[in-house]
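# Secondary and tertiary structure notes
Listed here are the chains, written in short residue letters.
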Amino acid sequence: GDAMEFHKFFPSFIWVLRDFALDLVDEEGYTISADQYLAHALAPQVGSFEKETLERNNIRRMLTAFFTERHAVPLVRPLNDEEQLQDVTKVAL
């Protein structure tokens, strides 16, 4: 009943992926968008009835039910060198 109407009042869900280094490709190797990556991450895991998997799937179900508009924004790591990253203000542009 009323729980199904909550999505009308929830804002958009924006998932910011910090230090993102993965290639955005599907199982067949085709390029996908960040939003498609998010949709895949929120898809239920099948084939396992372990408590942890069921709990994670419940969280996925709630996120997709309450936040009907979802977007992902990957932010790449600005530097690979950890030492430079610790003092990024001294790195030349």
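Starting afresh in each chain, residues are numbered from 1 along the sequence in its written order. Confidence filtering applies because this is a predicted model: local features only for residues at pLDDT of at least 70, side-chain atom pairs given and counted only at 80 or more, and all residues used for totals across whole chains, interfaces and linings. Side-chain metrics rest on all non-hydrogen atoms present in the structure, leaving aside hydrogens and water.

## Digging into the overall build of the chain
Here is the rule: A helix here means a DSSP run of H or I that spans at least four residues, while a strand means a run of E at least two residues long, and both kinds are numbered starting from the N terminus. A radius of gyration in this sense is built from C-alpha atoms; the matching globule rule multiplies 2.2 Å by the number of residues raised to 0.38. Exposure is judged per residue with a 1.4 Å probe applied to protein chains only, and the accessible area is read against the type maximum: over 50% gives exposed, under 20% gives buried, and values in between give partly exposed. Throughout, a contact is declared for two residues whenever any of their heavy atoms are within 4.5 Å.
Counting its secondary structure elements, the chain contains 3 helices and 2 strands. Its C-alpha atoms give the chain a radius of gyration of 18 Å, more than 25% over the compact-globule value 12 Å for 93 residues. C-alpha atoms of the chain, sized along the principal axes, occupy 55 × 35 × 30 Å. With 93 residues in all, the chain has 15% of them scored as buried. Here the analysis covers contacts within the chain between residues at least 6 apart in sequence; of these, 57% occur between residues at least 24 apart.

## Some remarks on helix α1 (residues 34–42)
This is how the line gets drawn: What the arc covers is the set of directions going from the helix axis to the C-beta atoms.
Residues of α1 that are buried include every one of A34, L38 and L42, and no others. Relative to the axis of α1, the buried residues are bounded by an arc of 75 degrees and lie together on one face. At its buried positions, α1 is contacted by β1 (13–17), α2 (51–66) and β2 (70–74).

## Observations regarding a nonpolar patch on the surface
Filter applied, for reference: For patch building, the residue pool is restricted to those with more than 30% relative accessible area and no salt bridge; the joining distance is 9 Å between like charges and 5 Å between nonpolar side chains (Val, Leu, Ile, Met, Phe, Trp, Tyr). Only the protein chains shown count as covering a residue, and every accessible area follows the Shrake-Rupley method with a 1.4 Å probe. What makes a salt bridge here is a side-chain nitrogen of Lys or Arg within 4 Å of a carboxyl oxygen of Asp or Glu, nothing more.
A surface patch of nonpolar side chains, amounting to about 310 Å² of accessible area, comprises I14, V16, V73 and L75. Along the chain, V73 falls in strand β2. Of the residues examined, V73 reaches a relative accessible area of 36% and is grouped as partly exposed.

No statement about biological role is implied by the geometric values presented.
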